[in-house]
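As a plain string of letters, each chain reads:
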Amino acid sequence: SNRNEWLIMYCVILESLLLPILKRSSDMTKSPMTKSEQLLRIDDHDFTMRPAFGGPPIPVGVDVQVESLDTISEVDMDFTMTLYLRHYWKDERLSFPSTNNQSMTFDSRLAKKIWVPDMFFVHSKRSFIHDTTTDNVMLRVHPDGNVLYSLRITVTAMCNMDLSRFPLDTQTCSLEIESYAYTDDDLMLYWKKGNESLNTDERISLSQFLIQKFHTTTKLAFYSSTGWYNRLYIHFTLRRHVFFFLLQTYFPATLMVMLSWVSFWIDRRAVPARVPLGITTVLTMSTIITGVNASMPRVSYIKAVDIYLWVSFVFVFLSVIEYAAVNYLSTVQERKERKLRERLPCTCGIGNPDDMTCDPQISGYTTMDVNRTANYGTAGNYGMPENGGRQERMLAQVVLGDPQLTGQVKRPGYVNIWIDTHAIDKYSRVLFPGSYALFNIIYWSIYS
């Protein structure tokens, strides 16, 4: 029993000696409060709860200043924006006495100790608060408890683009701001000054787009599991600059189509000239189409530039088919002429009537027929036409029957055979440019 008494006494003495030391060490691990925190009574309130908890929703005003609009990506369907996001609300727990009514400004260290709105960007892919040289966060508290909370943020958000009129399109993208945890029963989010709450830097410019306007709207968003939330929208409308695509796409495609028309003025017998010209223009158009589509998303609908390029490609392709038709029809005509010459007992070239020496008894020609034929040729209905095209006219009197073979003599007649190898080329010189000009008028009247 004496041993137990001594043991209890020893523990009491040890506790009395160690307790002040332990209490002092615990006070050393706890960071001392600054004078500003003592003035704001940070430890006297639970700042994990919103202001006026259990009462009406707290109004939080928002204004935004857009610093830069960095990139617009058609492939990723998104945009990147750097902005100053400012929140305004009143928290009476932060009110403090002040003789001169001056506000106090703090950095991000105090913002982590008080209640701030939990805003996030809907449909954002990436976002971050700038931290060079320190966190770009500002907290300003007024004596009556009004708070200004400002952040400098870069955000990349989705923008669903309709590229059916590309590159003659106008796109409207939206940045959406919403509270993550607080419904409209706890937090009422609104634009502080309406449409004037959105300010933009006058130096904002994009290489491919003209910024037409910025404007704001407010709507309610519903989630089936949590409820209704206030959502703020920043809308901006962009119109694409067309001049770049005129130089890089439209003009080259138009020139290739016009170059394919040169073959209509080249003689059909110049195969080494017309065939490479057609193949070159077709391959060049294919390269232009591939280059344009390489930098575009694989959408399931037809874009305006696709219509122009593919119609131009069809015109170039048809110019190659036109020469194939000219060459084939000319070959067929020459083959028919050759067979007809072989069937005739006498073939007289009318280009030089004086050289005709045909026996009337053999060929069926008479002197009057020869003179009539010569006069007909002098009238200019055969030979070289005014446009330089090569035309051949063959006028022959054929003995349709031999009395020794058929038993009867049939009356001789005249057979007219036109061989105009350039007729298709003549029509193509007018039809192709006219059709392409009509297409351009319709195209630019629809999409411009």
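Here is what the cut-offs are and how they apply
- Residues numbered from 1 in each chain as written.
- Predicted model: local features only at pLDDT ≥ 70, side-chain atom pairs only at ≥ 80, totals over all residues.
- Heavy atoms only, no water.
- UniProt positions renumbered as here; feature names shortened; annotations may be inferred.
- Disulfide = S-S within 2.5 Å.
- Helix = DSSP H or I, 4+ residues; strand = E, 2+ residues; numbered from the N terminus.
- Buried < 20%, exposed > 50% of the residue type's maximum accessible area, 1.4 Å probe, protein only.
- pLDDT = per-residue confidence, 0-100.
- Contact = heavy atoms within 4.5 Å.
- Phe/Tyr/Trp six-rings, centres within 6.5 Å; stacked < 30°, edge-to-face > 60°.
- Lys NZ or Arg CZ within 6 Å of the ring centre and 35° of its normal.
- Salt bridge = Lys/Arg side-chain N within 4 Å of Asp/Glu carboxyl O.

Per an unreviewed UniProt entry, the chain goes by the name Gamma-aminobutyric acid receptor subunit rho-1 and belongs to Oncorhynchus kisutch. What UniProt records for the chain under Catalytic activity (unreviewed entry) is the sentence "chloride(in) = chloride(out)". Entered under Sequence similarities (unreviewed entry) in the UniProt record, the comment concerning the chain runs "Belongs to the ligand-gated ion channel (TC 1.A.9) family. Gamma-aminobutyric acid receptor (TC 1.A.9.5) subfamily. GABRR1 sub-subfamily."

So, on to the state of the cysteines. Applying the stated criterion to the full structure yields 1 disulfide. The disulfide partner of Cys159 is Cys173, and the gap between their sulfur atoms is 1.9 Å. Between Cys159 and Cys173, the S-S dihedral sits near -75°, and the bridge is therefore left-handed. On the criterion of sequence distance, the pair formed by Cys159 in the loop between strand S7 (146-158) and strand S8 (170-179) and Cys173 in strand S8 is long-range, its members being 14 residues apart. According to the relative accessible area criterion, Cys159 is buried, its value standing at 2%.

All right, on to unusual backbone geometry then. Following Thr132, the chain continues into Thr133 via a peptide bond in cis, with omega recorded as 0°. Relative to the helices and strands, Thr133 is located in the loop between strand S5 (124-129) and strand S6 (137-141). Look at the link from Phe166 to Pro167: it is a cis peptide, with omega at 0°. Mapped onto the elements, Pro167 comes out in the loop between S7 and S8. Backbone geometry at Ala52 places phi at a positive 55°, although glycine is not the residue there. Within the secondary structure, Ala52 is located in the loop between helix H2 (35-40) and strand S1 (58-73). Relative accessible area serves as the criterion here: at 53%, Ala52 is assigned to the exposed category. A positive phi is found at Met77, a non-glycine position, where the angle reads about 55°.

Here the chain averages 81 in pLDDT, while 75% of its residues score no lower than 70. Every residue in residues 25-30 is under pLDDT 50, and counting partners more than four places away or in other chains gives 0 contacts. For the stretch residues 349-419, pLDDT sits under 50, and the model shows 100 contacts to residues farther than four places along the chain or on other chains.

Let us look at the packing of aromatic side chains. Two measures describe an aromatic ring pair: the distance that separates the ring centres and the angle between the ring planes. Using the criterion set out here, one finds 26 aromatic pairs in the structure. Ring geometry for Phe214 against Phe236: centres 5.5 Å apart, planes inclined by 35°, an arrangement best described as tilted. Linking Phe214 in strand S11 (residues 209-223) with Phe236 in strand S12 (residues 227-240), this pair joins segments that are 22 residues apart in sequence. These aromatic residues form a ring-pair network of at least three members: Tyr250, Trp261, Phe264, Tyr308, Phe315, Phe432, Tyr436, Phe439, Tyr443, Trp444 and Tyr447. If you follow Lys192 out to its NZ or CZ, it ends over the ring of Tyr88, 4.7 Å from the centre. We note Lys219 situated over the ring of Tyr233; from NZ or CZ to the ring centre the distance is 5.6 Å.

Here the focus is the pattern of salt bridges. Using the criterion set out here, one finds 17 salt bridges in the structure. One salt bridge connects Asp63 with Arg86, and the closest N-O pair in it is separated by 3.4 Å. Taken together, the positions of Asp63 in strand S1 and Arg86 in strand S2 (residues 78-90) put the pair 23 residues apart, joining distant regions of the chain. Accessibility expressed as a relative area gives 12% for Asp63, which makes it buried.

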